[in-house]
Protein chains: 6
Amino acid sequence: MSDVSFERSHTLVQAIPYIQQFRGKTVVVKYGGNAMVSEQLKYDVISDIVLLSLVGIHIVLVHGGGPEINQMLKRVGKESKFINGLRYTDAETMDIVKMVLCGKVNKELVSLIEQRGGKAMGLSGLDGNMLRAKKLEKDGVDYGFVGDITEVDPDVIKTARDGGYVPIIATIAAGVDDGNAYNINADTAAAEIAIALGAEKLILLTDIKGLLRDKDDESTLIPVVRAHEVDALKAEGIISGGMIPKIDCCVNAMKGGVKRTHIIDGRERHSILVELLSDEGIGTMFINE
Amino acid sequence: MSDVSFERSHTLVQAIPYIQQFRGKTVVVKYGGNAMVSEQLKYDVISDIVLLSLVGIHIVLVHGGGPEINQMLKRVGKESKFINGLRYTDAETMDIVKMVLCGKVNKELVSLIEQRGGKAMGLSGLDGNMLRAKKLEKDGVDYGFVGDITEVDPDVIKTARDGGYVPIIATIAAGVDDGNAYNINADTAAAEIAIALGAEKLILLTDIKGLLRDKDDESTLIPVVRAHEVDALKAEGIISGGMIPKIDCCVNAMKGGVKRTHIIDGRERHSILVELLSDEGIGTMFINE
Amino acid sequence: MSDVSFERSHTLVQAIPYIQQFRGKTVVVKYGGNAMVSEQLKYDVISDIVLLSLVGIHIVLVHGGGPEINQMLKRVGKESKFINGLRYTDAETMDIVKMVLCGKVNKELVSLIEQRGGKAMGLSGLDGNMLRAKKLEKDGVDYGFVGDITEVDPDVIKTARDGGYVPIIATIAAGVDDGNAYNINADTAAAEIAIALGAEKLILLTDIKGLLRDKDDESTLIPVVRAHEVDALKAEGIISGGMIPKIDCCVNAMKGGVKRTHIIDGRERHSILVELLSDEGIGTMFINE
Amino acid sequence: MSDVSFERSHTLVQAIPYIQQFRGKTVVVKYGGNAMVSEQLKYDVISDIVLLSLVGIHIVLVHGGGPEINQMLKRVGKESKFINGLRYTDAETMDIVKMVLCGKVNKELVSLIEQRGGKAMGLSGLDGNMLRAKKLEKDGVDYGFVGDITEVDPDVIKTARDGGYVPIIATIAAGVDDGNAYNINADTAAAEIAIALGAEKLILLTDIKGLLRDKDDESTLIPVVRAHEVDALKAEGIISGGMIPKIDCCVNAMKGGVKRTHIIDGRERHSILVELLSDEGIGTMFINE
Amino acid sequence: MSDVSFERSHTLVQAIPYIQQFRGKTVVVKYGGNAMVSEQLKYDVISDIVLLSLVGIHIVLVHGGGPEINQMLKRVGKESKFINGLRYTDAETMDIVKMVLCGKVNKELVSLIEQRGGKAMGLSGLDGNMLRAKKLEKDGVDYGFVGDITEVDPDVIKTARDGGYVPIIATIAAGVDDGNAYNINADTAAAEIAIALGAEKLILLTDIKGLLRDKDDESTLIPVVRAHEVDALKAEGIISGGMIPKIDCCVNAMKGGVKRTHIIDGRERHSILVELLSDEGIGTMFINE
Amino acid sequence: MSDVSFERSHTLVQAIPYIQQFRGKTVVVKYGGNAMVSEQLKYDVISDIVLLSLVGIHIVLVHGGGPEINQMLKRVGKESKFINGLRYTDAETMDIVKMVLCGKVNKELVSLIEQRGGKAMGLSGLDGNMLRAKKLEKDGVDYGFVGDITEVDPDVIKTARDGGYVPIIATIAAGVDDGNAYNINADTAAAEIAIALGAEKLILLTDIKGLLRDKDDESTLIPVVRAHEVDALKAEGIISGGMIPKIDCCVNAMKGGVKRTHIIDGRERHSILVELLSDEGIGTMFINE
């Protein structure tokens with residue numbers, strides 16, 4: 001037997017305790033940003049998901065698709081417009097958002113999993129009335145068809161999961177009042193879905209190392225944050241800008257019963273596997289205690 | 001009690017024998033063309049499907065979306081190009097086709113069913129590796145990413161159906177050789193899906209009355225065609241042009257075990273219900289005997 | 001397509017929201033009186049039940065059979081004797097009651113449903129020890145084998161229902177103390193069965209319009225009665241005579257958890273369908289609020 | 001411990017191999033005649049059935065009720081009329097037959113089993129369309145509503161059996177042509193039901209010892225008859241008169257796949273238990289080899 | 001029919017009410033001592049268990065094996081050493097204990113049940129991590145590998161039971177702290193298993209009549225002891241010596257939810273059957289009231 | 001993220017295609033010899049089995065235990081006696097064999113799997129009558145209680161496997177003629193069990209590299225043998241001595257429907273994992289084509 005074979009086998013059996021810990025549990029992964037743009041990283045994320053499914057961990061993949069939306073808007077000669085960091089979504093934009101998320105990004109992820117030998121089912125929040133929303137009301141601004149989730153019905157996700165498929169979810173919601181489709185922030189949707197499924201973990205794959213004490217120095221990564229420390233960290237300015245809504249999602253998910261939530265760096269290869277199947281904590285983990 | 005109420009009840013109980021005939025059976029409906037463009041007709045088709053689901057008939061809806069694809073191509077400044085009646089589909093076009101079918105038409109149908117109180121799951125041939133295809137080879141012409149179905153795995157449809165959802169299917173297939181997405185003719189896909197599901201019936205909703213002996217005279221409708229008569233009807237020129245592939249689909253489905261196939265007029269309101277739940281035969285029915 | 005076909009289809013789809021409301025729910029119908037004597041009305045009641053079963057509403061039919069019992073008693077030269085509106089039931093009469101209810105009326109209803117293509121299972125309160133009773137003690141009068149229900153075991157009804165059969169129930173009970181068969185008032189039995197099954201609705205099919213403010217003027221029908229108003233209506237004399245026990249059944253059923261109860265006119269054709277699948281409220285509905 | 005207790009225990013464990021042989025199997029018992037008239041014998045038959053159910057042997061009880069029918073006919077002043085040993089059944093008689101079998105005999109057996117702590121469901125051939133028949137045509141004689149079984153649908157029996165109930169069956173059938181109820185010979189019905197259920201055994205409880213070589217000498221009992229010997233025994237006149245149809249039932253059941261059939265003496269106490277749970281063969285057993 | 005056959009049948013049906021009482025319930029039997037040494041008694045115990053399984057009572061057999069352990073220790077030239085009535089179990093002894101209990105006694109019981117036509121699965125407390133223990137700490141004495149149960153996981157027993165097997169359990173436990181195997185007192189293990197299974201009854205088969213008021217006079221048997229009387233009986237010296245731990249097991253089991261517990265005489269043939277399937281109370285029954 | 005973490009993740013995802021190939025399949029592993037004596041190797045084998053279970057591959061472990069039997073025989077002063085390579089097994093020896101295999105080796109393997117966080121159920125061929133045998137008749141020699149398998153009932157193994165337990169099997173069989181326990185060769189038992197389970201693979205863990213063309217030169221390993229080549233290899237003397245029965249087991253298993261069989265070197269760490277989850281073929285594989 002070659003040394004390589006031995007080493008590989010040795011590595012595999014080292015994963016035993018981690019697999020035992022999460023087997024039969026549901027883990028919601030929010031996927032977006034750079035990890036979605038690089039082909040290599042995308043292949044790695046897909047590989048991680050297929051492997052985790054094989055060892056009996058139920059992954060639910062929630063995705064965004066900002067860059068692809070921008071690109072398509074450009075192609076039809078429509079300007080991308082953002083207010084307070086949120087995309088202003090008029091009817092025409094909403095149409096593009098829906099097509100890109102449900103018809104392009106979602107189906108591409110499904111294809112990749114199937115090509116890797118996994119089984120996937122692409123869903124949107126419209127299917128089975130999974131995500132219901134009303135028009136976002138915030139600061140008196142009109143964001144168009146940007147929605148605020150009012151209800152999650154996880155049955156359609158469970159049907160896919162229990163049928164042995166990885167559910168891949170595009171975050172479009174059905175308007176409870178008007179039947180229109182609404183654009184939903186993917187982090188928020190992932191958190192709400194994790195709560196509705198009673199998930200063990202919520203993992204946000206991002207473009208940063210995690211929460212840094214000094215945002216310009218990766219060595220100042222804060223590995224663990226207790227939920228009750230979040231307010232202080234905001235006051236200190238350590239949690240600021242785009243991190244605020246992300247971390248609010250994490251805290252919210254934990255209030256809703258999700259055991260642990262993580263902000264990890266999607267720019268590193270196999271970051272999902274490292275987080276779930278090794279001792280090496282990466283990124284920032286939020287815990288309740 | 002009002003006369004109206006009595007009349008309605010009377011109508012409902014007259015449907016009993018038809019419901020009993022198809023209960024628990026699967027009926028594949030190919031939906032496209034004008035029935036898809038008119039809001040009223042669309043509402044009626046959706047209503048028919050929701051009612052049929054409620055009485056225990058399993059509808060599987062397969063849809064195309066030619067007009068919407070043309071519109072989107074136009075919007076991005078891309079010309080629609082057809083060869084021998086088939087859309088020439090280069091990579092850029094394929095991208096648009098996928099987005100429009102899976103992200104716009106499919107999700108709109110899902111929304112309509114959900115708004116009517118039904119339960120729907122939007123799928124494409126990519127999900128669960130449902131439709132697999134190779135590049136179409138016909139007459140030595142290159143049609144780009146137009147595919148020829150090589151295999152159908154109906155498991156993902158059954159998962160949706162058995163979970164109580166109406167499966168809504170966009171006819172994109174996964175390339176067996178190259179992993180690319182391929183554009184599939186919706187009639188053909190519907191026929192293959194009907195075979196794979198062991199469906200009781202295949203219904204093609206079209207823009208014509210059915211097969212006419214004189215194509216300019218609707219009074220010459222041929223209500224029933226036996227499979228063995230098709231060749232003669234082709235020789236006589238009665239089956240010609242765009243009817244040839246449609247009727248080949250019907251014959252093919254019957255060879256594959258589907259009991260009966262129908263070409264009916266989607267321009268008439270509730271044509272699906274009339275076909276399934278009344279004595280009035282409409283359109284042309286193809287039978288094996 | 002004919003106008004008739006369109007109209008019929010239109011009627012069918014109008015039933016969608018009503019079907020959605022009651023699908024998978026259990027509705028107990030007490031059937032007796034004139035609706036049982038007229039062949040046309042009987043055919044309509046049976047048709048309604050078969051249709052409701054087909055759309056997934058679980059009907060449990062509880063029946064009496066007074067007129068047929070009288071007829072049979074006459075045939076064997078035995079006088080029908082009533083005390084305070086209750087049939088005095090000696091051993092010989094009980095024998096006839098059992099034969100007529102279980103062997104004639106019950107099996108005739110089963111046959112009619114089967115002939116209409118439905119599936120029915122005829123049961124009595126003796127089967128599976130469904131209804132248990134002790135001798136009625138009221139006003140110091142001896143009514144013979146007239147019983148007072150002490151316990152309902154709905155398992156045998158559920159076995160029939162879950163097997164896809166409409167349970168048809170003759171209201172004979174097993175004596176807890178002596179093993180004799182007891183004659184049970186069908187309204188009371190229907191109410192107790194509705195409670196034991198956690199039914200959504202109890203419908204009493206009667207020979208009157210409903211509760212009338214002036215019993216000689218059908219235009220004075222009271223469409224809705226709140227449970228707490230019943231005492232006042234009794235005091236006013238509006239609820240009187242034979243209506244008292246019927247309405248007590250309704251109130252009792254609601255106390256036991258049945259959502260709504262109805263007294264409707266079995267002399268009108270399809271009154272069950274009109275009640276369940278239309279907006280037209282008929283008869284008198286009792287509600288808890 | 002008392003000697004009695006020891007002896008009883010000893011007897012119980014001696015039944016082990018017999019129970020093991022028939023556990024999970026279905027045994028159809030035709031019950032009628034004297035075993036049904038004597039209260040003691042009836043109590044014993046019921047006890048046997050309850051015990052066999054408890055040890056996991058599925059008993060299906062098919063009953064007649066000739067004496068009770070005669071008695072009721074007499075009571076309504078109607079003469080019992082027999083042609084070639086078959087009851088001539090006009091419409092009025094049929095009405096009485098149905099009431100007595102389904103409403104009296106059947107429900108009495110149900111009550112007895114329930115009183116003994118067992119679970120029973122009383123059924124007729126009308127329930128679930130179990131027995132279907134056409135008018136008997138034999139020797140050019142009109143027997144009225146006497147039927148010939150054309151089809152058996154055992155689903156309703158299985159629903160009862162699998163729900164843990166002993167199915168008790170009154171042999172009334174639904175006319176396939178006219179929807180009328182037909183009177184069916186109980187031996188024949190039992191044989192057809194045994195075939196439809198794939199029963200292990202058919203046991204006919206009769207008023208005789210079994211097949212006797214000399215009908216006046218019980219010591220000439222023939223314990224085992226091979227199917228192929230039946231014709232010779234008929235030729236010899238050993239099988240004659242009322243025994244012919246009974247033994248034809250046995251042979252017919254075996255042709256239909258029932259392993260063994262028995263004609264045993266219902267006048268002896270616990271004859272069913274002795275047949276099934278001991279080495280002592282009683283009556284006549286018919287075997288295929 | 002012979003008188004013997006009648007008598008046997010009569011005996012069988014007398015068991016009906018007792019079988020009805022315990023059907024589908026779980027009864028844990030601790031088996032050891034003389035009932036295990038005599039071949040006749042062993043055959044009777046096995047027969048009782050097989051019969052009880054056949055009538056649907058779930059027996060779980062927990063066994064010791066002291067005499068066989070002593071014999072084997074002797075054979076390898078190792079002295080049996082007891083401290084305060086407990087076997088001092090060094091590593092070498094533990095090895096022998098495990099082999100004798102799991103490999104000899106357990107498998108012999110399995111064989112006997114299988115030979116009697118039953119189905120058995122031999123388990124130890126190690127299988128499926130059923131019994132977990134820590135080193136016994138009592139009176140400052142070192143008993144070696146004698147364990148104190150800390151946890152019972154009954155899943156492996158349920159898997160066997162629900163698969164139709166009689167679980168036969170050797171009382172070896174896994175050390176929670178060190179992974180060593182520990183020797184567990186069989187009475188204690190039986191009580192803990194009965195609690196974990198929510199058993200109806202715990203029966204300890206012993207070498208004595210039951211609890212005697214005067215231990216030298218079997219006529220002073222105390223048939224029923226209420227839990228609250230135990231302390232007084234200890235104070236009086238009626239419960240003393242080896243009876244103390246046995247009766248503590250009984251009381252403990254009842255505190256844990258077991259309905260009734262029994263100390264019965266395994267030296268009498270069929271004592272289990274007599275206890276469960278007759279009116280004759282034998283031995284001493286402990287009840288909660 | 002550390003390089004180590006990346007490398008480990010990379011290794012894990014490389015296992016994907018191998019896991020996909022064997023998921024849900026049953027693999028029978030015969031375990032014995034040196035791989036069982038070395039603590040390190042034993043730990044590795046156990047780790048491999050636990051990992052394979054976690055990824056959904058159903059391992060059934062069949063074990064021998066020759067060295068431990070010899071040791072125990074020695075301890076009781078009994079000489080090990082072999083005839084033609086088979087252990088002569090008198091009654092006393094059989095007793096020891098049973099105790100060592102079922103009570104020591106089997107339970108130790110169970111403990112190790114449980115300690116590694118897996119779930120195991122220790123069984124012998126006696127449990128559930130799994131292995132039935134008659135006395136071996138070969139060359140007119142009396143081998144005592146050495147058996148020849150006549151029947152395998154895999155139900156008890158399936159009950160364990162489907163309950164989520166790794167079945168660990170000691171190869172003792174029940175004598176069909178005399179009820180005695182018989183000693184069975186573990187390779188043979190493994191092959192018969194693999195056939196009865198319809199296993200995908202049979203793997204014999206041995207003390208050699210595999211089949212060598214020159215038995216003294218490991219570089220002459222024959223990696224693949226086709227079933228039809230076996231006779232020639234025997235004729236050439238390449239298959240000889242102790243290899244003959246082993247390879248006959250492999251050929252026999254393939255005749256019985258097992259897809260592939262392997263003889264691999266248990267002296268190398270993780271040889272099971274390498275065989276199943278890598279491209280590196282080790283040892284000798286026997287294939288049918």
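Look a little higher up for the structure.
All values reported here derive from a predicted model rather than from experimental measurement. (Residues numbered from 1 in each chain as written. Chains lettered and ligands numbered in written order. Predicted model: local features only at pLDDT ≥ 70, side-chain atom pairs only at ≥ 80, totals over all residues.)

Undergrad: Whenever I open this one, the relation of the copies chain A and chain F confuses me. Can you help?
TA: Each of the two chain copies can be generated from the other by rotation about an axis followed by a shift along it. When chain A is fitted to chain F, the residual RMSD is 0.0 Å, and the transformation amounts to a turn of 180° plus an axial shift of 0.0 Å. As the rotation angle and translation indicate, the two copies are arranged about a two-fold axis. Among all residues of chain A, the one whose C-alpha sits closest to the rotation axis is A:Val55, at a distance of 2.2 Å. The share of interface residues of chain A whose copies in chain F are also at the interface is 100%, consistent with both copies meeting through the same surface. (Least-squares fit on C-alpha atoms with pLDDT ≥ 70 in both. Contact = placed C-beta atoms within 7 Å.)

Undergrad: Sorry if this is basic, but what is going on with the sheet that holds strand 7 (residues 147–152) of chain A here?
TA: Residue and element names in this part refer to chain A. Ordered in space as 7-6-9-10, the 4 strands form an open sheet in which the pairing is mixed. The sheet is open, and its two borders are formed by strand 7 and strand 10 (181–183), each paired with just one other strand. The mean angle between the axes of side-by-side strands here comes to 50°, regardless of whether they run parallel or antiparallel. Note that strand 6 (residues 131–135) and strand 9 (residues 172–175) share 2 bridges and pair parallel. Counted as the bridge partner of Ala133 is Gly175 from strand 9. Contacting strand 6 and strand 7, helix 8 (residues 186–197) crosses the sheet at an angle of about 10° to strand 7. (Pairing = 2+ DSSP bridges. Helix = DSSP H or I, 4+ residues; strand = E, 2+ residues; numbered from the N terminus. Axes fitted to C-alpha atoms, helices over the stretch in contact; angles between N-to-C directions.)

Undergrad: Quick question: what am I supposed to make of the interface of chain E and chain F here?
TA: Many analyses report the size of an interface as the accessible area lost when the parts associate. Contacts between the two partners involve 31 residues from chain E, matched on the other side by 31 residues from chain F. For the side of chain E that touches chain F, the elements supplying multiple residues, two or more each, are helix 6 (91–115), strand 5 (120–124) and helix 7 (155–162) of chain E. At 13 residues, helix 6 of chain E tops the list of elements feeding residues into the side of chain E that touches chain F. Along the lines of polarity and charge, the residues of the side of chain E that touches chain F split into 13 nonpolar, 10 polar and 8 charged. (Nonpolar A, V, L, I, M, F, W, Y, C, P; charged D, E, K, R; others polar.)

Undergrad: Sorry, what's going on with the interface of chain A and chain F here?
TA: If you look at the interface, chain A gives 35 residues, while chain F gives 35 residues. Top contributing element to the side of chain A that touches chain F by residue count: helix 1 (residues 3–14) of chain A, with 8 residues. Its residues assigned to classes, the side of chain A that touches chain F comprises 16 nonpolar, 12 polar and 7 charged.

Undergrad: Can you walk me through the packing of helix 6 (residues 91–115) of chain A against helix 6 (residues 91–115) of chain B in this structure?
TA: When two helices pack together, their arrangement is given by the angle between their axes and by how far apart the axes lie. Put simply, helix 6 of chain A and helix 6 of chain B touch, their axes get as near as 8 Å, and they point 110° apart. Between helix 6 of chain A and helix 6 of chain B, the angle is such that the two are roughly perpendicular. The handedness of the crossing between helix 6 of chain A and helix 6 of chain B is right-handed. On helix 6 of chain B, the residues that touch A:Asp95, A:Lys98, A:Met99, A:Val100, A:Leu101, A:Cys102, A:Gly103, A:Lys104 and A:Lys107 of helix 6 of chain A are B:Asp95, B:Lys98, B:Met99, B:Val100, B:Leu101, B:Cys102, B:Gly103, B:Lys104 and B:Lys107. Classifying every residue of the contact of helix 6 of chain A with helix 6 of chain B by side-chain character gives 8 nonpolar, 2 polar and 8 charged. (Parallel < 35°, antiparallel > 145°, perpendicular 65-115°, else oblique. Left-handed = near helix turned anticlockwise from the far one by under 90°.)

Undergrad: Even after reading the chapter, I still don't get the pairing of strand 2 (residues 58–63) of chain A, so can you show me in this structure?
TA: The side chains of a regular strand alternate between both faces of the sheet. Residues and elements named next belong to chain A. The element strand 2 is extensively covered by neighbouring structure, given that 6 of its 6 residues are classed as buried. Burial of the side chains of strand 2 extends over both faces: His58, Val60 and Val62 are buried on one face and Ile59, Leu61 and His63 on the other. Here strand 1 (residues 26–31) pairs with strand 2 via 6 bridges, running parallel. What sits directly across from Thr26, in strand 2, is His58. Examined bridge by bridge, strand 2 and strand 8 (residues 166–170) share 3 bridges and lie parallel to one another. Its bridge partner being in strand 8, Val62 is matched across the sheet by Ile169. (Buried ≥ 20, exposed ≤ 12 C-beta atoms within 10 Å, placed from the backbone.)

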